[in-house]
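# Coordinates in review
The chain contents come next:
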Amino acid sequence: MLNNARQAQMKQYIQSKGTVTVQDLMDQFHVSDMTVRRDLSHLENIGLVKRVHGGAIYLPDRDKDILLSVREDSQKQEKERIAEKASSLVNDGDSVLLDAGTTTLEIAKKFLGRKNITVVTNAINIASILLQNPNIEIVMTGGDVRHSTQSLVGHATVQFLQALRVDHAFIGCSGLSMERGLMNSNMAEGEIKRTMMQIAEKVYVVADHTKFEATSFSVFASWERVDAIITTEELDSQYKDQFEAKLRPHLILV
């Protein structure tokens, strides 16, 4: 079967199932693991599917968010390691920005044993987690609720953030590229991330290895305001070399 014909049929199959594994696709199309992964990369690059650990999810349109309940299970152990390192960079008395996302949610969980820190967030689920610790001051932005990400966005959110100055911002993304910068699936979310980066003394991008050179709908920031990328040892060596040689932000590998 020609590549374009197989990929078209693969897209239809994933659409009909919603979520598939690599093994499902190998069995359905009688092709190798490598071929399936190559086809999924192509379908993701054109915005039709989202690759997750061991498979893929169909995207009805390329601006559609994947529900948090689905994304939380993707690269779970990597996100926990990233969160552990991120938490260690915060000292007592510091102020922290956490944007909406599954990796930043893991960071919030690491803060449950801390005291005397202030956390500013636009994520409803993150604020809810932190309520378990009365020793943390929680500041929530205003804004319009986005149900798929449990976040607050919009003009009111931007205005609220612009009145603040914080020590650290931990920012997630859907994809990152040396050439294009930081990407996200939704422009409203991207505006909030960009504003958070502008008001923080130190900006850390938190991203597991699958986000490198992944593409998404909206570019929300370039690399000028990023101090470091916290990622994992699973990162391909070519990306380690490229980012460390050519970009200002350094890699923190965990």
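Before any of the text, the structure's been laid out above.
Treat the numbers as computed from the prediction; the structure is a model and nothing was measured. (Residues numbered from 1 in each chain as written. Predicted model: local features only at pLDDT ≥ 70, side-chain atom pairs only at ≥ 80, totals over all residues. Heavy atoms only, no water.)

## Considerations on the nonpolar core
Leu176, Leu182 and Phe243 are the most contacted members of the largest nonpolar core, which has 32 residues in total. Every element with two or more residues in this core is listed here: helix 8 (155-162), strand 9 (166-171), helix 9 (187-198), strand 12 (200-206), strand 13 (218-221) and helix 10 (237-246). Each residue touching phenylalanine 243, except ones within four places of it in the same chain, is listed here: Leu176, Ser177, Met178, Phe212, Glu213, Trp223, Ile229, Pro249 and Leu251. Membership of the second largest hydrophobic core comes to 24 residues, among which are Ile82, Ala100, Leu130 and Tyr204. (Core = buried A, V, L, I, M, F, W, Y, C linked by side-chain atoms within 4.5 Å. Buried < 20%, exposed > 50% of the residue type's maximum accessible area, 1.4 Å probe, protein only. Helix = DSSP H or I, 4+ residues; strand = E, 2+ residues; numbered from the N terminus. Contact = heavy atoms within 4.5 Å.)

## Considerations on the side chain of aspartate 39
Tracing the backbone through its elements, the reader meets aspartate 39 in helix 3 (residues 33-45). Residue classification places aspartate 39 among the buried residues on the basis of a relative accessible area of 0%. Here the side chain of aspartate 39 touches arginine 6 through a polar contact of 2.5 Å, side chain to side chain. Those residues in contact with aspartate 39 that sit more than four places away from it in its chain are Arg6, Gln7 and Met10. (Polar contact = N/O pair within 3.5 Å; in protein donor to acceptor, adjacent residues only side chain to side chain.)

## Structural notes on helix 8
Listed as buried for helix 8 are Thr157, Val158 and Leu161. End-on, the buried residues of helix 8 take up no more than an arc of 100 degrees, which puts them together on one face. Here the buried face of helix 8 lies against strand 4 (95-98), strand 5 (117-121), strand 8 (151-153) and helix 9. (Arc of directions from axis to C-beta.)

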